[in-house]
Amino acid sequence: MAKPSTSAAPDPMVARLRAALGRRAFTEQKMFGGTCFMINGNMLIGTSKRGLLVRVGKGAHAAAAALPHASAMEMGGRSMEGYIRVASEGTATDADLAGWLGRALAFVETLPAKAKLPKRSK
């Protein structure tokens with residue numbers, strides 16, 4: 001009897017974000033149950049089953065949360081100021097996605113690069 005597959009289908013949002021970031025230098029990291037995209041060690045934007053996670057910073061939080069299909073990100077019942085969750089309806093078109101990516105870039109590009117931590121030996 002064949003074993004059922006435990007691997008999930010690839011998230012199409014990951015491919016869309018890779019394409020939208022183009023030639024920009026970024027890394028990917030598994031976080032929050034999805035894939036987060038990092039620039040200079042700082043979280044930029046990420047995927048999750050509940051929608052897109054966008055880092056906009058505290059100064060842009062209220063305006064971004066007021067946009068259609070957007071809400072404050074919550075973790076463990078606490079609102080995470082500076083982070084917005086966007087429902088899938090809010091990223092339906094490439095223009096929608098580019099708008100959210102632009103908001104994230106506007107904030108994250110103001111942050112200093114994080115130094116890479118040395119790998120710990122076991």
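Here is a short report on the structure shown in this document. What you are looking at is a predicted structure, and each value in this text was computed from that prediction instead of being measured.

Counting secondary structure elements, the protein contains three helices and six strands. Secondary structure elements of the protein, listed N to C terminal, follow the sequence α-β-β-β-β-α-β-β-α. Taken over 122 residues, the protein has a buried fraction of 33%. Within the protein, contacts between residues separated by at least 24 positions form 45% of all contacts whose residues are at least 6 apart in sequence. Per element, the accessible surface of the protein, about 8300 Å² overall, is 57% carbon and sulfur.

Among the residues making up helix 1 (residues 12–21), those that are buried are Met13, Val14, Leu17 and Leu21. For helix 1, the angular spread of the buried residues around the axis is 105 degrees, confining them to a single face. The exposed set on the far side of helix 1, more than 90 degrees from its buried face, consists of Pro12 and Ala19. For helix 1, the elements touching its buried residues are strand 1 (27–31), strand 2 (34–39), strand 3 (42–48), strand 4 (51–55) and helix 3 (94–108). A distance of 2.9 Å separates the backbone nitrogen of Met13 from a side-chain oxygen at the start of helix 1, and that oxygen is part of Asp11. Just beyond helix 1, the residue with positive phi is Gly22, at close to 55 degrees.

Turning to the nonpolar core, a few remarks are in order. Core analysis: the biggest nonpolar cluster contains 21 residues, and Leu17, Leu44, Ile45, Leu52, Val54, Ile84 and Trp100 have the highest contact counts within it. Sorting the residues of this core by element identifies helix 1, strand 2, strand 3, strand 4, strand 6 (78–86) and helix 3 as the ones contributing at least two each. The leading source of residues in this core is helix 3, at six residues. Beyond its immediate stretch of four places on either side in the chain, Val54 contacts Leu44, Ile45, Gly82, Tyr83, Ile84, Val86, Trp100 and Ala104. Of all hydrophobic cores here, the second largest spans six residues; its members include Cys36, Met43, Met73 and Tyr83.

In this section: the packing of aromatic side chains. Scanning all chains against the criterion turns up one aromatic pair. Just above the ring of Trp100 sits the side chain of Arg103; from NZ or CZ to the centre is 4.5 Å.

Okay, the side chain of Arg55 next. Tracing the sequence through the fold places Arg55 in strand 4. Within the buried set, Arg55 has no salt-bridge partner at all; the shortest N-O distance to an opposite charge, 12 Å, is to Glu81. A polar contact of 3.3 Å, which involves the side chain of Arg55, links it to the side chain of Tyr83. When sequence neighbours within four positions are dropped, the list of residues in contact with Arg55 reads Asn42, Met43, Leu44, Gly82, Tyr83, Arg103, Ala104, Phe107, Val108 and Leu111.

By the element assignment, Thr47 lies in strand 3. A distance of 3.5 Å separates a polar atom in the side chain of Thr47 from a polar atom in the side chain of Asp11. Those residues within four positions of Thr47 in sequence are excluded, and the remaining contacts are Asp11, Met13, Val14, Leu17, Gly34 and Thr35.

What counts, and at which threshold
Residues numbered from 1 in each chain as written. Predicted model: local features only at pLDDT ≥ 70, side-chain atom pairs only at ≥ 80, totals over all residues. Heavy atoms only, no water. Helix = DSSP H or I, 4+ residues; strand = E, 2+ residues; numbered from the N terminus. Buried < 20%, exposed > 50% of the residue type's maximum accessible area, 1.4 Å probe, protein only. Contact = heavy atoms within 4.5 Å. Areas by Shrake-Rupley, 256 points an atom, 1.4 Å probe, with all protein chains shown as cover. Arc of directions from axis to C-beta. Polar contact = N/O pair within 3.5 Å; in protein donor to acceptor, adjacent residues only side chain to side chain. Core = buried A, V, L, I, M, F, W, Y, C linked by side-chain atoms within 4.5 Å. Phe/Tyr/Trp six-rings, centres within 6.5 Å; stacked < 30°, edge-to-face > 60°. Lys NZ or Arg CZ within 6 Å of the ring centre and 35° of its normal. Lys, Arg positive; Asp, Glu negative; His and termini not counted. Salt bridge = Lys/Arg side-chain N within 4 Å of Asp/Glu carboxyl O.

Read these as spatial facts, not as claims about activity.
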